[in-house]
Amino acid sequence: MKYIESDNVTKQEKEYIFQELLKYNLESIEEKLIRDIGLFVEDEEGKRVAGLIGDTHGNWLKVEYLWVSEELRGQHIGTELMMKAEKIAMNRGCKYAFLNTFSFQAPDFYIKLGYQEEFVLNHYPLTGKRYYYTKTL
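Here's a quick rundown of the structure. (Residues numbered from 1 in each chain as written. Predicted model: local features only at pLDDT ≥ 70, side-chain atom pairs only at ≥ 80, totals over all residues. Heavy atoms only, no water.)

**A closer look at the sheet that holds strand 2 (residues 48-57)**
Alright, step 1. Ordered by their spatial adjacency, 6 strands build an open sheet running 1-2-3-4-6-5, and the pairing between neighbours is mixed. Two strands lie at the open edges of the sheet, namely strand 1 (34-42) and strand 5 (116-122), each paired on one side alone. On average, each strand axis in the sheet is inclined to that of its neighbour by 20 degrees, with strand direction left out of account.
Alright, step 2. By the bridge criterion, 6 bridges tie strand 5 to strand 6 (residues 129-136) in an arrangement that is antiparallel. Among the inter-strand pairings, Gln116 is bridged to a residue of strand 6, identified as Thr134. (Pairing = 2+ DSSP bridges. Helix = DSSP H or I, 4+ residues; strand = E, 2+ residues; numbered from the N terminus. Axes fitted to C-alpha atoms, helices over the stretch in contact; angles between N-to-C directions.)

Spelled out as structure tokens, the structure:
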């Protein structure tokens, strides 16, 4: 057996390891269906100016990305996107939501929406913090 170290992991290498792990996980995970959620806001020219990407899996909504263009921040678009995602998740039978955010992003925003801090990853990646939140829907 030989061990190989790489500083430049290829997409194929990542995908191979992911697929092998997925095969193992699917043998034990009781709910296998993961459904995407994509919500987008477009301006009059059809340019995307905000969006939310996430998924639902069993009882959980996972918000992966939430972005609102700088010129539209403060107009409650992020709140609307979160409320729409939570509604979709509840319609799919979800009971909880999960997300994470950096200290320079929006911790207070999520707290205002009812999210509770589960833990903080301090010194991430060097001097910042990464917050992990959940919410009962």
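**Re a nonpolar patch on the surface**
Alright, step 1. A cluster of nonpolar side chains, Phe40, Ile53 and Tyr65, forms an exposed patch at the surface whose accessible area comes to about 310 Å².
Alright, step 2. Relative to the helices and strands, Tyr65 is located in strand 3 (residues 60-68).
Alright, step 3. Among the residues examined, Tyr65 registers a relative accessible area of 53% and is labelled exposed. (Patch = residues over 30% accessible without salt bridge, like charges linked within 9 Å, V, L, I, M, F, W, Y side chains within 5 Å. Areas by Shrake-Rupley, 256 points an atom, 1.4 Å probe, with all protein chains shown as cover. Salt bridge = Lys/Arg side-chain N within 4 Å of Asp/Glu carboxyl O. Buried < 20%, exposed > 50% of the residue type's maximum accessible area, 1.4 Å probe, protein only.)

So yeah, pure geometry; function would need other evidence.
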